[in-house]
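Chain by chain, the residues run as shown.
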Amino acid sequence: MINTVIKELNIDQLDMVNGGTIGEVADDSKLLHRLGLMDEEYNSFEVIGDWETCSAKVDEAWAKIGVRCISKWGKDNKYSYNFIPLTCDEAQKLAKALMIKGPKTA
């Protein structure tokens with residue numbers, strides 16, 4: 001028997017399905033916006049629609065506090081700080097801690 005019922009996913013369910021990549025970029029944008037490092041935030045649909053712009057802006061925002069982020073479409077994003085690899089959760093916790101001191105200036 002083949003299941004032919006099609007169910008639409010809401011935005012929260014979509015984030016859970018795509019996990020890293022799109023979900024990470026969208027979640028990162030929300031955090032970085034709250035921290036004052038980005039002027040806007042993105043949802044998953046916006047990231048899908050304009051991957052190059054959204055991911056580039058998120059990577060640039062991370063760089064403001066010295067975190068290197070390499071956003072990847074088909075894989076988990078890569079984060080590092082002072083050449084030390086970080087998980088997404090570690091990078092987000094570090095961003096919150098660093099912003100207590102204020103962003104780095106170039």
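This write-up is about the structure you can find in this document. (Residues numbered from 1 in each chain as written. Predicted model: local features only at pLDDT ≥ 70, side-chain atom pairs only at ≥ 80, totals over all residues. Heavy atoms only, no water.)

So, about the packing of helix α2 (residues 22-34) against helix α4 (residues 51-63). At a minimum axis distance of 10 Å, the contact between α2 and α4 shows a crossing angle of 50 degrees. The pairing of α2 with α4 is recorded here as oblique in orientation. Viewed along their axes, α2 and α4 form a crossing whose handedness is left-handed. Here I22, V25, D28, S29, L31 and L32 of α2 lie close against α4, whose contacting residues are W51, C54, S55, V58, A61 and W62. In terms of residue class, the contact of α2 with α4 is built from nine nonpolar, two polar and one charged. (Axes fitted to C-alpha atoms, helices over the stretch in contact; angles between N-to-C directions. Helix = DSSP H or I, 4+ residues; strand = E, 2+ residues; numbered from the N terminus. Parallel < 35°, antiparallel > 145°, perpendicular 65-115°, else oblique. Left-handed = near helix turned anticlockwise from the far one by under 90°. Contact = heavy atoms within 4.5 Å. Nonpolar A, V, L, I, M, F, W, Y, C, P; charged D, E, K, R; others polar.)

Our focus in this paragraph is the packing of aromatic side chains. Considering all chains together, one arrives at two aromatic pairs under this definition. An angle of 80 degrees between the planes, with centres 5.2 Å apart, marks the rings of W51 and W73 as edge-to-face. Of the two residues, W51 sits in helix α4 while W73 sits in the loop between β1 (67-70) and β2 (78-81), which places them 22 residues apart along the sequence. Ring plane angle 75 degrees and centroid distance 5.6 Å describe the contact between W62 and Y79, whose orientation is recorded as edge-to-face. With W62 in helix α4 and Y79 in strand β2, this residue pair connects regions lying 17 residues apart in the sequence. Judged by its relative accessible area of 0%, W62 falls in the buried class. (Phe/Tyr/Trp six-rings, centres within 6.5 Å; stacked < 30°, edge-to-face > 60°. Buried < 20%, exposed > 50% of the residue type's maximum accessible area, 1.4 Å probe, protein only.)

The next point concerns the sheet that holds strand β3 (residues 84-86). Adjacent strands of a sheet form backbone hydrogen bonds with each other and so pair up, either parallel or antiparallel. As summarised here, the arrangement of the three strands in space is β1-β2-β3, forming an open sheet in which the pairing is antiparallel. Looking at the sheet topology across the chains shown, the edges are occupied by β1 and β3. Across the sheet, the mean angle separating the axes of adjacent strands is 30 degrees when strand polarity is ignored. As paired strands, β2 and β3 are joined by three bridges and run antiparallel to one another. Bridge pairing in β3 places Y81 opposite I84. Sitting on the sheet, α4 is in contact with β1 and β2, with an inclination near 165 degrees to β1. (Pairing = 2+ DSSP bridges.)

Attention now goes to α4. With 13 residues, α4 ought to run about 18 Å at 1.5 Å a step, and its terminal C-alpha atoms sit 18 Å apart, in line with that. Inspection of α4 places W51, C54, S55, V58, D59, A61 and W62 among the buried residues, and these make up the whole buried set. Viewed end-on, α4 has its buried residues packed into an arc of 160 degrees, placing them on one side of the element. Facing away from the buried surface of α4 by more than 90 degrees, the exposed residues are E52 and E60. (Expected span 1.5 Å × (residues − 1). Arc of directions from axis to C-beta.)

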